[in-house]
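Inside the fold
Here is how the chains run, residue by residue.
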Amino acid sequence: GSSPFALWWRVAFVTVARKTARRPYTSTMRGLALALALAARGAAEVTLQALPQIIYGELTDKLRVSGTGFNELGPDPELGFLPPIPKTAYNLTVKSDTLISLGLKKGGKWPSPDDPSSGGQTLYLMSLKKTAADESVLANPIPVATVLATPSVQRGFDKVIYMTGSKKLNINGTGFRTKNMQLVFDPPLVKDTDYLLSTKSGSMMQLTLRTGKKWRSDGSPGPLKLRRINTGAGFLRIDARYGGVTVAEVQVDLGAHGVRVETTAADQKVYQSTPSLKVTGSGFNTTAPSLNTLKWGNSLRGKGINYTITEASSGSLKLELGEGSTWRANPNNLPSPLLLLAVNAGAGLVPVGPTEAKKGRRVATVYEDPSVAAPSKKAMPKLFQSHSHELWVTGTGFARGTTTFVFANGLKANEDYVLTVFNRTHALVTLLDGKTWAPKPGPLEVSKIDTGAGEVGVRYALTSGKDDLNMNVKVADVVSDADDHPSGTTVDRTSSQAIYQRGAIRDLIITGSKLCAADPAEPKEKTVDLVFDTPLVNDKDYEVATVTDTQIRLKRKLRHKWRAEPGPLVLVSLQCGGGADKVTLGGGAGIAVATILGDPTVDANPSRSIYVSMTKRLTIRGSGFSLYSDAQLTLEPTARDDYTVSSVLNSAIVLELKEGKSWVPKGLQGTALPSLRVTQINTGAGVVKLATADAPDGVVVAAVVKDPEGEVCDNSCEFANDGVCDDGSAMGQKHRSSVKEGSEWEDDIYGNYYYG
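Residues numbered from 1 in each chain as written. Predicted model: local features only at pLDDT ≥ 70, side-chain atom pairs only at ≥ 80, totals over all residues. Heavy atoms only, no water.

**Concerning the overall build of the protein chain**
- A tally of helices and strands in the protein chain yields 3 helices and 53 strands.
- Once local pairs closer than 6 in sequence are excluded, the contacts in the protein chain between residues at least 24 apart make up 68%.
- Accessible area for the protein chain stands at about 36,700 Å²; split by element, carbon and sulfur atoms hold 50% of it. (Helix = DSSP H or I, 4+ residues; strand = E, 2+ residues; numbered from the N terminus. Contact = heavy atoms within 4.5 Å. Areas by Shrake-Rupley, 256 points an atom, 1.4 Å probe, with all protein chains shown as cover.)

So, in structure tokens, the structure goes:
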């Protein structure tokens, strides 16, 4: 052994031996030598081999310590490690006199490097004792393992390489090493024979195709999958359920039978009945347009059935829509991308995108054909020039965030009015304070509409895109404001005064002129009788705080609401004390003096788990999120620039994580990830803090867990317009047909393409 005692024994033994050569052994000397020999034998019984085992931090289930003399330690020796490992993390078994086995318990892991690119973490055995009270039999620390970060591989569904034309392939992930890297592909590729491997960093390795070789050994286009990886501690299977992780889509080389299509959905926006669209790329057949055949993600068909290719160049195709056809049929799912899966330019069908993922290329974004409906004569709204505050408009194709109206009389959005889209058929036009619907009485008409794909006539949907009915649509009659009361009392329309039903701000201000002017009492002593729609009772729902000639201030009673339901608070009449006349406002229709917003609430959901970066969509549920304006919330610890708000409904806010971002910042990604919390929210009437005594950090809306290693799914529903995944693969064709007939179409897939 190498202990000090053993070293001392060697020195003593040599000294004794030298003296023995000079004089005869005595019995005393023989006894001393025997005692020292026995002591040395006992000290040398336990030895360890300094041969570190290479293991993965999370997936290697056993660590073996080799040496001699382990039986002397008993069945349950005490081991001390650096970095520390709690004894509760493993099961210890003395297998034999030369082997101790440590089995990792469920949920445990060996100490791994904080930085996966660092190479490995050396695990030292610092002490080895028979019992905790004994001295360690080790004189020095012994390295027993090198712990590697468990490698992960990012999927490459959207990465396209050509069979022999692409010379390099970059594979991203974590835990890559410069030495001992071994990969197993499907179809098989042999390192140094088919490709050369170079690890550029712990998160990226580069494969270089050798001359005369192909990325797919079978020569057929399709996915290239990485099935197994070994970074030094043995081969690991990667997502065995799917036969490995797709690191690239291999396509035929560009040339006589090669076609490439560009993703143009962000730039090319069309309505369902837009007469034509363009497909951009390269390698198209220029001999005749009809020699190009396209395969779509929905049921769209060419050759004059749904469309005809009328022009073709090597870089683009022009498609003209057929009579009675649409680019996408189901308006409930729109706007959504138009997906091109494959092109046949005369030498066979060539996938233009990741075929296994069935994503293809998004060549356009399709919006529902828009229109504005004209109310019947009996239902035609009547708007006072300045007293009326809002107008409902119905039609088709309305889209949140992109819809604009062009009024024939020149009303301008965000200058004269604000537009709120509630759904695809209903929108609310709210007149801004101090503005009028029209300079003089007459019809209020809408002449043009743009819901996202360009400005068209308001009867566009009725003409299937021809837009040949260049006619305005009347949506209301504008009439003169009601005459002022003879007393000169007027009330200002202040619908921009937004107040929560039961918010922290309890005051409501009514402004005007000659309000209770004849009342000689002091402002705090004046009385006034107010009639609201919906009804409110003085001294029960509110109290009158002050009354002046130009202002009436009300204070809401605790535990009461300004309105039972969110909406405008309309003052119908007022009557001052002292026998003053009753003043009816707005010709009896009243005047909106405030907009009452629902009290925003956020539902706690701590049991819901999301992946730190693989989950792309998060739906936060609650109430009062949307009426006249979209909600703004503070989500912690996620940085605001790392996600976008894709949808705001009254009961749900849908957030989408940006590419390359995570729900928890890198600096906070430790062993345990913090939960996502909403700490405050503002739906238009001021910030509402959600911290309470029971939840001082806000409302927990999701628990965050680490991304699973090697998974290919991103746990998202990127095409769901309503925030709910209706995965088509989860049902049979018969069920899908019944769902379609019930108008509850799956909106998380493109068109009606069946994935099953």
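From this point on, the discussion continues.
**Brief notes about the nonpolar core**
- With 28 residues, the main nonpolar core has Val372, Leu391, Phe405, Phe407, Trp437 and Leu444 as its most contacted residues.
- Take this core: its biggest share by element is 4 residues, from strand S35 (residues 473-479).
- Setting aside residues no more than four positions away along its own chain, Leu391 makes contact with Pro381, Leu383, Ala427, Leu428, Val429, Trp437, Leu444, Val475 and Ala476.
- Residues Phe176, Leu207, Ile229 and Val245 belong to the second largest nonpolar core, which totals 26 residues. (Core = buried A, V, L, I, M, F, W, Y, C linked by side-chain atoms within 4.5 Å. Buried < 20%, exposed > 50% of the residue type's maximum accessible area, 1.4 Å probe, protein only.)

**Digging into the packing of aromatic side chains**
- The tally for this structure, following the rule as stated, stands at 11 aromatic pairs.
- Seen in terms of ring centroids, Tyr271 and Tyr460 are 5.3 Å apart; in terms of plane orientation they differ by 55°. Their pairing is tilted. Residue Tyr271 is found in strand S19 (residues 269-271), and its partner Tyr460 is found in the loop between strand S34 (456-457) and S35; the two are separated by 189 residues along the sequence. Neither Tyr271 nor Tyr460 differs from the other in exposure class; each is buried.
- Seen from their ring centres, Phe398 and Phe405 are 5.7 Å apart, and the 70° between their planes marks the pair as edge-to-face. Note on accessibility: Phe398 and Phe405 belong to one class, buried.
- The rings of Phe398, Phe405, Phe407 and Tyr417 are connected pair by pair, giving a single aromatic cluster. (Phe/Tyr/Trp six-rings, centres within 6.5 Å; stacked < 30°, edge-to-face > 60°.)

**Things to note about unusual backbone geometry**
- Look at the link from Leu82 to Pro83: it is a cis peptide, with omega at -5°.
- Assignment of secondary structure puts Pro83 in the loop between strand S4 (78-82) and strand S5 (90-96).
- Backbone torsion omega between Leu334 and Pro335 reads 0°, so that peptide bond is classified as cis.
- Mapped onto the elements, Pro335 comes out in the loop between strand S23 (316-321) and strand S24 (336-344).
- Of note in this structure, Lys303 is not a glycine but carries a positive phi near 60°.

**Description of a nonpolar patch on the surface**
- On the surface, Leu82, Tyr124 and Met126 cluster together into a nonpolar patch covering about 250 Å² of accessible area.
- Looking at the secondary structure, you find Met126 in strand S7 (residues 121-129). (Patch = residues over 30% accessible without salt bridge, like charges linked within 9 Å, V, L, I, M, F, W, Y side chains within 5 Å. Salt bridge = Lys/Arg side-chain N within 4 Å of Asp/Glu carboxyl O.)

**Side note on the sheet that holds strand S31 (residues 417-423)**
- Taken together, 4 strands build an open sheet; the order of strands is S27-S29-S32-S31 and the sheet is antiparallel. One side of each edge strand has no neighbouring strand; the edge strands of this open sheet are strand S27 (371-372) and S31. (Pairing = 2+ DSSP bridges.)

**Considerations on the pairing of strand S49 (residues 643-648)**
- Of the strand pairs in this sheet, S49 and strand S50 (residues 652-657) are connected by 5 bridges, and their pairing is antiparallel. Directly across from Val648, in S50, lies its bridge partner Ile653.
- The hairpin formed by S49 and S50 contains 3 residues between the paired strands.

**Looking at the pairing of strand S30 (residues 404-407)**
- Along S30, the buried face is formed by Phe405 and Phe407; none of Thr404 and Val406, which line the opposite face, is buried.
- When S30 meets strand S33 (residues 442-450), the two strands line up antiparallel, connected through 4 bridges. Along S33, the bridge assignment pairs Thr404 with Asp450.

**So, the state of the cysteines**
- All chains considered together, the criterion is met by 1 disulfide.
- Here Cys516 pairs with Cys576 through a disulfide, and the sulfurs are 1.8 Å apart. Residues Cys516 and Cys576 are joined by a disulfide whose S-S torsion is about -90°; by sign, that bridge is left-handed. Of this pair, Cys516 sits in the loop between strand S38 (507-513) and strand S39 (528-533) while Cys576 sits in strand S42 (residues 567-576); the two residues are 60 residues apart in sequence, bridging distant segments of the chain. Summarising the burial analysis for this pair, Cys516 and Cys576 share the class buried. (Disulfide = S-S within 2.5 Å.)

**Section: the environment of Ile620**
- Within the secondary structure, Ile620 is located in strand S47 (residues 617-623).
- Judged by its relative accessible area of 1%, Ile620 falls in the buried class.
- Measuring from C-alpha to C-alpha, the distance between Ile620 and Leu655 comes to 7.9 Å, with 35 residues separating the pair along the chain.
- Excluding residues that lie within four positions of it along the chain, Ile620 makes contacts with Val602, Phe625, Leu633, Leu635, Ser651, Ala652, Ile653, Leu655, Val678 and Val701.

**Observations concerning the pattern of salt bridges**
- As enumerated under the stated definition, the model contains 16 salt bridges in all.
- Note that Asp477 is salt-bridged to Lys474, the shortest N-O span being 2.7 Å.
- As a salt-bridge pair, Arg677 and Glu636 come within 2.9 Å of each other at their nearest N and O atoms. With a gap of 41 residues between them, Arg677 in strand S51 (residues 676-682) and Glu636 in strand S48 (residues 632-636) connect regions that are remote in the sequence.
- Its relative accessible area of 30% is what places Glu636 among the partly exposed residues.
- Each of Asp76, Glu78 and Lys87 takes part in salt bridges that share partners, so that together they form one network.

**Brief notes about the environment of Ala631**
- Residue placement: Ala631 occurs in the loop between S47 and S48.
- The spatial distance from the C-alpha of Ala631 to the C-alpha of Asn682 is 5.7 Å, given a sequence separation of 51 residues.
- Setting aside anything within four residues of it in sequence, one finds Ala631 in contact with Phe625, Val648, Ile653, Ile681, Asn682 and Thr683.

**Thoughts on the sheet that holds strand S6 (residues 99-104)**
- Pairing is antiparallel across the open sheet formed by 4 strands, whose spatial order is S1-S3-S6-S5. Two strands lie at the open edges of the sheet, namely strand S1 (47-48) and S5, each paired on one side alone.
- With 5 bridges joining them, strand S3 (residues 62-68) and S6 adopt antiparallel strand pairing. Bridge pairing in S6 links Ser66 to Leu99.

**Let's talk about the side chain of Arg216**
- With respect to the helices, strands and loops of the structure, Arg216 is situated in the loop between strand S14 (204-209) and strand S15 (222-230).
- Residue classification places Arg216 among the buried residues on the basis of a relative accessible area of 10%.
- Of the polar contacts made by the side chain of Arg216, one reaches the side chain of Asp218; its length is 2.8 Å.
- In terms of polar contacts, Arg216 uses its side chain to reach the backbone carbonyl oxygen of Ser220, at 2.6 Å. (Polar contact = N/O pair within 3.5 Å; in protein donor to acceptor, adjacent residues only side chain to side chain.)

**Brief notes about the side chain of Ser336**
- Take Ser336: it is sitting in strand S24.
- Of the polar contacts made by the side chain of Ser336, one reaches the backbone oxygen of Asn333; its length is 2.5 Å.

**Focus on the confidence of the model for the protein chain**
- Across the protein chain, the average pLDDT comes to 80, with 82% of residues at 70 or higher.
- A low-confidence stretch, residues 1-44 (pLDDT under 50), is modelled with 19 contacts involving residues beyond four sequence positions or located in other chains.
- For residues 710-736, every residue scores under 50 in pLDDT, and the model assigns this stretch 78 contacts once sequence neighbours within four places are set aside. (pLDDT = per-residue confidence, 0-100.)

**Remarks on the environment of Thr692**
- As for its position among the elements, Thr692 is in the loop between strand S52 (688-689) and strand S53 (699-705).
- C-alpha separation for the pair Thr692 and Thr679, spaced 13 residues apart in sequence, amounts to 9.8 Å.

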